[in-house]
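For reference, the chains in residue letters:
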Amino acid sequence: TAGITQAPTSQILAAGRSMTLRCTQDMRHNAMYWYRQDLGLGLRLIHYSNTAGTTGKGEVPDGYSVSRANTDDFPLTLASAVPSQTSVYFCASSARGAANSPLHFGNGTRLTVT
Amino acid sequence: QQQVKQSPQSLIVQKGGIPIINCAYENTAFDYFPWYQQFPGKGPALLIAIRPDVSEKKEGRFTISFNKSAKQFSLHIMDSQPGDSATYFCAARAGGSQGNLIFGKGTKLSVKP
């Protein structure tokens, strides 16, 4: 079972350019999330979606947008990248509504904005 | 505002030692406290979790101790092995199964042979 697939695995992006990080899950989980991981700051929630067609803002949403057109896909878009968005981005999913349902993470996208 | 404070930031122990990682929280609405383990180049994975109605939970060599009155919880790794070397994150969630997880900043554990 693939679980969560993220693409690309890494990317170097010029400041001011746009980019979409892709995330697909095959577990039919209703909830999906985007986190960024920075050294010394841990995992911070960017955006989330409780179910297809809905999205919500996390702790650090500025500069990012998401969409959830269907259950399986949850792309994250940077409209105009800035160096402070250099980070490792993790997509995750869970069966929200199920007690103790864990987050299942992908292996991340390492993004460098120059 | 950091809602889950984790310490230490890094930890080095010898094989067989018992590393302890501590977390503290302020929000009394938190009702679920998982620990995630992350190896280099991989995403975090659930290791063990506890609810506030119990004071301790063991799964293999991993134990969570929970002190509701002090609003603290900790992870103990018994008989630690080099393969346990990873980054560990505590987390907490409010709002029942609909709430989002709030993560601590992580602890990088190195277990020396």
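Caption draft 1: Representation of the sheet that holds strand S8 (residues 72-77) of chain B within the structure. Residue and element names in this part refer to chain B. Ordered in space as S1-S3-S8-S7-S6, the five strands form an open sheet in which the pairing is antiparallel. The sheet terminates laterally at strand S1 (4-7) and strand S6 (56-59), the two strands that pair on one side only. Taken over all neighbouring pairs, the strand axes of this sheet differ in orientation by 15° on average, direction set aside. Sheet analysis places strand S7 (residues 62-67) next to S8, joined by six bridges and oriented antiparallel. Along S8, the bridge assignment pairs Ile64 with Leu75.

Caption draft 2: Spotlight on the packing of aromatic side chains. Across all of its chains, the model carries 18 aromatic pairs over all chains by this definition. Between Phe105 of chain A and Tyr36 of chain B, the ring centres sit 5.9 Å apart and the planes meet at 85°, which makes this aromatic pair edge-to-face. Taken together, the residues span two chains, with Phe105 of chain A in strand S10 (residues 104-105) and Tyr36 of chain B in strand S4 (residues 30-38). Ring centres of Tyr25 of chain B and Phe66 of chain B lie 6.2 Å apart, and the angle between their planes is 20°; on these two criteria the pair is classed as stacked. Residue Tyr25 of chain B is located in strand S3 (residues 20-25), and its partner Phe66 of chain B is located in strand S7; the two are separated by 41 residues in the primary sequence. For Tyr25 of chain B, a relative accessible area of 4% corresponds to the buried category. Overall, Phe66 of chain B belongs to the buried group, its relative accessible area being 7%. Aromatic rings pair up to connect Tyr33, Tyr35, Phe90 and Phe105 of chain A together with Tyr36, Phe89 and Phe103 of chain B into one cluster.

Caption draft 3: Focus on the nonpolar core. Counting 24 residues, the largest nonpolar core has Phe33, Trp35, Phe73, Leu75, Tyr88 and Leu109 of chain B as its most contacted members. By residue number, the principal contributor to this core is strand S9 (residues 86-94) of chain B, which donates four residues. Beyond its immediate stretch of four places on either side in the chain, Phe33 of chain B contacts Tyr25, Ile48, Ala49, Ile50, Pro52, Ile64, Phe66, Phe73, Ala91 and Ala92 of chain B. Formed by 19 residues, the second largest nonpolar core is a distinct cluster that contains Ile4, Leu13, Met32 and Leu78 of chain A.

Caption draft 4: Layout of the interface of chain B and chain A. The interface of chain B with chain A comprises 19 residues on the first partner and 20 residues on the second. Of the roughly 1700 Å² buried at the junction of chain B and chain A (both faces included), carbon and sulfur atoms supply 48%. Taken together, the links from chain B to chain A amount to zero salt bridges. Our enumeration of links across chain B and chain A arrives at three residue pairs in polar contact (both at pLDDT 80 or more). Of all the secondary-structure elements, those providing two or more residues to the side of chain B that touches chain A are S4 and strand S10 (101-103) of chain B.

Caption draft 5: Layout of the pairing of strand S9 (residues 87-94) of chain A. Residues and elements named next belong to chain A. By the criterion of burial, S9 is predominantly enclosed, with eight of the eight residues buried. Residues of S9 alternate between two faces, with Ser87, Tyr89, Cys91 and Ser93 on one and Val88, Phe90, Ala92 and Ser94 on the opposite face, all of them buried. Note that S9 and strand S11 (residues 109-113) share three bridges and pair antiparallel. Its bridge partner lying in S11, Ser87 is registered against Leu111. Relative to S10, S9 runs antiparallel, the two sharing two bridges. Counterpart to Ala92 in the pairing with S10 is Phe105.

What counts and what doesn't
- Residues numbered from 1 in each chain as written.
- Chains lettered and ligands numbered in written order.
- Predicted model: local features only at pLDDT ≥ 70, side-chain atom pairs only at ≥ 80, totals over all residues.
- Heavy atoms only, no water.
- Pairing = 2+ DSSP bridges.
- Helix = DSSP H or I, 4+ residues; strand = E, 2+ residues; numbered from the N terminus.
- Axes fitted to C-alpha atoms, helices over the stretch in contact; angles between N-to-C directions.
- Phe/Tyr/Trp six-rings, centres within 6.5 Å; stacked < 30°, edge-to-face > 60°.
- Buried < 20%, exposed > 50% of the residue type's maximum accessible area, 1.4 Å probe, protein only.
- Core = buried A, V, L, I, M, F, W, Y, C linked by side-chain atoms within 4.5 Å.
- Contact = heavy atoms within 4.5 Å.
- Buried area = accessible area lost by both parts, 1.4 Å probe.
- Salt bridge = Lys/Arg side-chain N within 4 Å of Asp/Glu carboxyl O.
- Polar contact = N/O pair within 3.5 Å; in protein donor to acceptor, adjacent residues only side chain to side chain.

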